[in-house]
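For reference, the chains in residue letters:
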Amino acid sequence: MTTITRAELEVWDVKDPLAAHRQDYILPKGVIYLDGNSLGPLPVQTKERLRKTLEEEWGEGLIRSWNDADWVGAPTRVGDKVAELIGAEAGEVIVSDSTSVNLFKLAGSLLPSEGPRRKIICEKGNFPTDQYIVQSLKSLDNGVIIKELPREEILDAVDEETLALVLTHVHYKTGEIFDMEMFSRRTHEKGALVLWDLCHSAGAMPLALNTCNVDMAVGCGYKYLNGGPGAPAFSFIAKRHQAKRRQPIGGWFGHQDPFAFTETYEPAQNIKQHLVGTPGILGLAALESGVDLLLKLDMTKVRQKSLKLVGLFQELVGEFGNGFGLTALYPLPPEDCGNQTAFCHDSGYQIMRALIKKGVIGDFREPNIMRFGFGAPYTRYTDVWDAANILNAVLTTEEWKRPEFSQRHSVT
Ligand SMILES: *Cc1c(COP(=O)(O)O)cnc(C)c1O
């Protein structure tokens with residue numbers, strides 16, 4: 001039983017080394033935003049950046065801006081910045097397309113499989129798009145064997161027939177973290193490769209892709225990178241793999257020399273091969289602005305604060321949750337999780353809707369999961385205290401039973 005008071009948490013907020021960064025984000029009054037793991041908030045400076053891109057670069061510069069404003073360099077320029085954030089080198093990351101499409105390109109670059117290595121191993125219960133994309137690799141190579149295994153069986157299944165592991169570093173529901181270094185090493189020992197999905201880790205914690213010898217990775221621009229709804233995603237390919245592999249969607253921007261307009265496709269021998277068509281400049285501009293902000297932060301401090309935020313919420317909700325039938329989805333210590341936590345309740349959807357109505361925004365995942373993410377650069381300890389108390393009030397008053405909260409929205 002915790003004895004922590006709101007007054008003590010006010011002191012934590014004052015002493016918080018990240019406190020000053022909250023003002024860099026637009027957070028509506030009356031809202032406690034615990035869903036930055038689904039859509040990061042709008043950085044203040046992004047408004048000006050988009051105004052400039054729209055009015056000056058597009059409006060005035062028109063097509064000249066491909067050169068003059070370096071639009072053409074944006075996918076690699078922003079990629080290099082993301083590289084810095086995830087422990088990669090310049091020239092190893094490119095920004096383009098969506099996470100789903102990038103996963104297809106990266107995993108597809110390993111096909112058709114040669115010799116006996118035909119098995120791709122994934123975690124059962126991973127984010128559906130990752131599973132769908134891996135399943136659709138069969139359209140490139142019908143001989144590929146897809147194994148979806150529970151987490152604890154994955155390493156034992158890696159053998160001489162394994163081509164690659166496709167894993168999500170932080171699980172979207174449970175928040176569980178894979179040991180990136182250990183999984184990469186043990187996979188390499190068997191001669192297989194590892195491709196990580198960093199959707200819930202990039203921008204949320206320190207990452208060291210090259211120290212962990214990661215082969216390939218993808219990640220999302222609109223979650224912790226705060227690039228805006230549907231922001232372009234990123235792909236990482238370690239330098240050692242870049243020239244050897246060929247991704248399956250050969251478009252003109254992935255050509256060695258797009259403006260030579262040659263008849264046949266000659267793939268670029270570097271990261272640019274992972275472009276397909278014309279990059280979306282508005283999306284890239286917003287993403288660059290979000291990443292620029294993160295580069296000013298010490299990711300170790302971000303992670304430390306997130307652990308405290310998650311731990312505090314778990315503790316506060318733990319005090320009353322059981323009495324209302326609320327159970328922790330995965331009762332792990334915060335160190336083993338990403339910057340999120342989740343609670344289960346049979347009426348989780350209604351409770352989450354009632355919470356959102358009261359300004360506490362988390363989200364709901366089937367079948368009964370209420371998910372809360374903690375963006376350390378802008379979440380205060382007192383926000384966590386208030387959110388837990390509002391949740392307590394919603395449960396105590398049974399407000400969530402109102403019929404309006406039972407109507408399903410198409411996005412949960
Ligand atoms: C958010 C998320 C995605 C999103 O993929 P999109 O192609 O951007 O829609 C993919 N995988 C994981 C694990 C995610 O959390």
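The preceding data block contains the structure.
Scoring rules and cut-offs
- Residues numbered from 1 in each chain as written.
- Predicted model: local features only at pLDDT ≥ 70, side-chain atom pairs only at ≥ 80, totals over all residues.
- Heavy atoms only, no water.
- Helix = DSSP H or I, 4+ residues; strand = E, 2+ residues; numbered from the N terminus.
- Rg over C-alpha atoms; globule rule 2.2 N^0.38 Å.
- Contact = heavy atoms within 4.5 Å.
- Areas by Shrake-Rupley, 256 points an atom, 1.4 Å probe, with all protein chains shown as cover.
- Lys, Arg positive; Asp, Glu negative; His and termini not counted.
- Charge placed at Lys NZ, Arg CZ, Asp CG, Glu CD.
- Buried < 20%, exposed > 50% of the residue type's maximum accessible area, 1.4 Å probe, protein only.
- Polar contact = N/O pair within 3.5 Å; in protein donor to acceptor, adjacent residues only side chain to side chain.
- Near = heavy atom within 4 Å.
- Patch = residues over 30% accessible without salt bridge, like charges linked within 9 Å, V, L, I, M, F, W, Y side chains within 5 Å.
- Salt bridge = Lys/Arg side-chain N within 4 Å of Asp/Glu carboxyl O.
- Pairing = 2+ DSSP bridges.
- Axes fitted to C-alpha atoms, helices over the stretch in contact; angles between N-to-C directions.
- Phe/Tyr/Trp six-rings, centres within 6.5 Å; stacked < 30°, edge-to-face > 60°.
- Lys NZ or Arg CZ within 6 Å of the ring centre and 35° of its normal.

**Let's talk about the overall build of the chain**
From N to C terminus, the chain includes 13 helices and 15 strands. Relative to the 2.2 N^0.38 estimate, which gives 22 Å for 412 residues, the radius of gyration of the chain is 22 Å and therefore close to what a compact globule would have. Overall size of the chain, expressed as C-alpha extent along the three principal axes, is 70 × 55 × 40 Å. In the chain, the proportion of contacts linking residues at least 24 apart, taken out of those at least 6 apart, comes to 74%. Of the accessible surface of the chain, which amounts to about 17,900 Å², a share of 54% is contributed by carbon and sulfur atoms. Computed over 44 positive and 53 negative side-chain charges, the separation of the two mean positions in the chain equals 2 Å.

**Digging into the environment of Asn126**
Turning to its location among the elements, Asn126 is positioned in the loop between strand S5 (119–123) and helix H6 (128–135). Under the relative-accessibility criterion, Asn126 is labelled buried at 5%. For the pair Asn126 and Lys296, spaced 170 residues apart in the sequence, the C-alpha separation amounts to 32 Å. A polar contact of 2.9 Å, which involves the side chain of Asn126, links it to the side chain of Thr168.

**Here we look at the site of the ligand**
Taken together, Ser98, Thr99, Ser100, Phe127, Thr129, Asp130, Thr168, Asp197, Cys199, His200, Tyr222 and Lys223 are the residues near the ligand. Relative to its free-state accessible area of 390 Å², the ligand is covered by the protein chains to the extent of 88%. Those elements giving two or more residues to the shell around the ligand turn out to be helix H5 (99–108) and H6.

**What to know about a nonpolar patch on the surface**
On the surface, Leu54, Trp58, Leu62, Ile63 and Leu282 cluster together into a nonpolar patch covering about 520 Å² of accessible area. For Trp58, the position within the fold is in helix H2 (residues 44–60). The exposure class assigned to Trp58 is partly exposed, which follows from its relative accessible area of 48%.

**Remarks on the pairing of strand S9 (residues 216–219)**
Side chains Met216 and Val218 of S9 all project onto a buried face; the interleaved residues Ala217 and Gly219 project onto the opposite face, where all are buried too. Looking at chain direction, strand S8 (residues 193–197) and S9 are connected through 3 bridges and run parallel. Bridging across to S9, Trp196 finds its partner in Ala217. Pairing analysis gives 4 bridges linking S9 to strand S10 (residues 233–237), with the strands arranged antiparallel. Across the sheet, the residue bridging to Gly219 is Phe234, located in S10.

**Section: the sheet that holds S9**
Strand order in the open sheet made by the 7 strands is S4-S10-S9-S8-S7-S5-S6, with mixed pairing throughout. The strands lining the two open edges of the sheet, one partner per strand, are strand S4 (93–96) and strand S6 (145–149). Adjacent strand axes in the sheet meet at a mean angle of 20 degrees, parallel and antiparallel pairs treated alike. Strands S4 and S10 of the sheet are contacted by helix H4 (residues 74–86), whose axis makes an angle of about 125 degrees with S4. Here H6 sits on the sheet in contact with S5, S6, strand S7 (162–168) and S8, set at roughly 170 degrees to S5.

**Some points on the packing of aromatic side chains**
Tallied over the entire structure, the rule returns 16 aromatic pairs. Here Trp12 and Tyr381 contribute two aromatic rings whose centre-to-centre distance is 5.0 Å and whose plane-to-plane angle is 85 degrees, an arrangement assigned as edge-to-face. In this pair, Trp12 sits in helix H1 (residues 6–15) while Tyr381 sits in helix H13 (residues 381–397), placing the two residues 369 residues apart along the sequence. For Trp12, a relative accessible area of 28% puts it in the partly exposed group. Here the aromatic rings of Phe320 and Phe324 are separated by 6.4 Å at their centres, their planes lie at 70 degrees, and the arrangement is edge-to-face. Sitting over the face of the ring of Phe178, Arg151 holds its NZ or CZ atom 3.8 Å from the ring centroid. Above the face of the Trp12 ring, Lys308 is positioned so that its terminal group lies 4.7 Å from the ring centre.

**Considerations on the side chain of Asn226**
Note on placement: Asn226 falls in the loop between S9 and S10. According to the relative accessible area criterion, Asn226 is buried, its value standing at 5%. Within the structure, Asn226 has its side chain in polar contact with the backbone oxygen of Tyr224 (distance 3.4 Å).

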